[in-house]
Amino acid sequence: MNSFAARRCIRHSAREAVAQCPSCHEHFCRECVTEHDGALLCAACLALLTTPAAERKRVAWRKIRDAVYLAFCVLLAWVAFYGVGSILKSIPAPIHEGNVWGTTTH
């Protein structure tokens with residue numbers, strides 16, 4: 001039995017794999033691979049090979065920028081919640097308990 005006959009496409013589990021991408025070593029069906037320079041490549045590896053290095057670097061810096069922005073937003077939210085918590089903590093206990101006028105409610 002052919003080794004690919006037992007394999008399934010990583011994207012289409014109902015289809016048999018016909019090729020293994022030499023870059024990522026995953027198995028794909030005929031619909032998921034493209035011939036490039038005499039080799040069958042998956043779409044992701046083909047895009048990586050055909051994208052200029054400057055564009056890949058730009059995408060990498062965008063991802064770094066987005067990660068820093070996300071970290072800044074999380075830090076800003078933490079500071080805001082910490083500030084609100086500190087303000088709420090400074091409120092006297094009778095106000096928290098609903099006993100503002102010093103009377104007890106039963």
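About the thresholds
- Residues numbered from 1 in each chain as written.
- Predicted model: local features only at pLDDT ≥ 70, side-chain atom pairs only at ≥ 80, totals over all residues.
- Heavy atoms only, no water.
- Salt bridge = Lys/Arg side-chain N within 4 Å of Asp/Glu carboxyl O.
- Helix = DSSP H or I, 4+ residues; strand = E, 2+ residues; numbered from the N terminus.
- Buried < 20%, exposed > 50% of the residue type's maximum accessible area, 1.4 Å probe, protein only.
- Phe/Tyr/Trp six-rings, centres within 6.5 Å; stacked < 30°, edge-to-face > 60°.
- Pairing = 2+ DSSP bridges.
- Core = buried A, V, L, I, M, F, W, Y, C linked by side-chain atoms within 4.5 Å.
- Contact = heavy atoms within 4.5 Å.
- Disulfide = S-S within 2.5 Å.

1. Considerations on the pattern of salt bridges
Next up, step 1: Enumeration according to the criterion identifies 2 salt bridges in this entry.
Next up, step 2: With a closest N to O distance of 2.9 Å, Arg-15 and Glu-31 form a salt bridge. In this pair, Arg-15 sits in the segment before β1 (19-20) while Glu-31 sits in the loop between β2 (27-28) and β3 (33-36), placing the two residues 16 residues apart along the sequence.
Next up, step 3: Under the relative-accessibility criterion, Arg-15 is labelled partly exposed at 34%.
Next up, step 4: Judged by relative accessible area, which is 58%, Glu-31 ranks as exposed.
Next up, step 5: Two residues, Asp-66 and Arg-65, come together in a salt bridge whose shortest N-O distance is 3.2 Å.

2. Things to note about the packing of aromatic side chains
The geometry of two aromatic rings is summed up by the distance between their centres and the angle between their planes.
Next up, step 1: The full count for this structure, using the stated rule, is 1 aromatic pair.
Next up, step 2: When the centroid spacing of 5.4 Å and the interplanar angle of 20° are considered together, the rings of Trp-78 and Tyr-82 count as stacked. Of this pair, Trp-78 and Tyr-82 both sit in helix α2 (residues 53-89), 4 residues apart, which is roughly one turn of that helix. Both residues of the pair, Trp-78 and Tyr-82, count as exposed.

3. Comments concerning the pairing of strand β4 (residues 39-42)
Next up, step 1: Sheet topology note: the β3/β4 ladder contains 4 bridges and is antiparallel. Bridge assignment links Glu-35 to a residue of β4, and that residue is Leu-40.
Next up, step 2: Here β3 folds back onto β4 in antiparallel fashion, the turn holding 2 residues, of which Asp-37 has a positive phi close to 55°.

4. Describing the nonpolar core
Where a protein is soluble and globular, its nonpolar side chains tend to be buried together.
Next up, step 1: In terms of nonpolar packing, the biggest core is built from 11 residues, these being Cys-9, Ala-19, Cys-21, Phe-28, Cys-29, Cys-32, Val-33, Leu-41, Cys-42, Cys-45 and Leu-46.
Next up, step 2: The residues touching Phe-28, leaving out its near neighbours within four places in the chain, are Cys-9, Ile-10, Arg-11, Ala-17, Val-18, Ala-19, Cys-21, Val-33 and Cys-42.

5. Observations concerning the state of the cysteines
Next up, step 1: Inspection of every chain in the model, using the stated rule, returns 0 disulfides.
Next up, step 2: A disulfide-free cysteine, Cys-24 has its sulfur positioned 3.7 Å from the sulfur of Cys-21, the nearest such atom.
Next up, step 3: Judged by its relative accessible area of 30%, Cys-24 falls in the partly exposed class.
Next up, step 4: For Cys-29, which is in no disulfide, the shortest distance to another cysteine sulfur is to Cys-32 and amounts to 3.6 Å.

The values are spatial; any link to function lies outside them.
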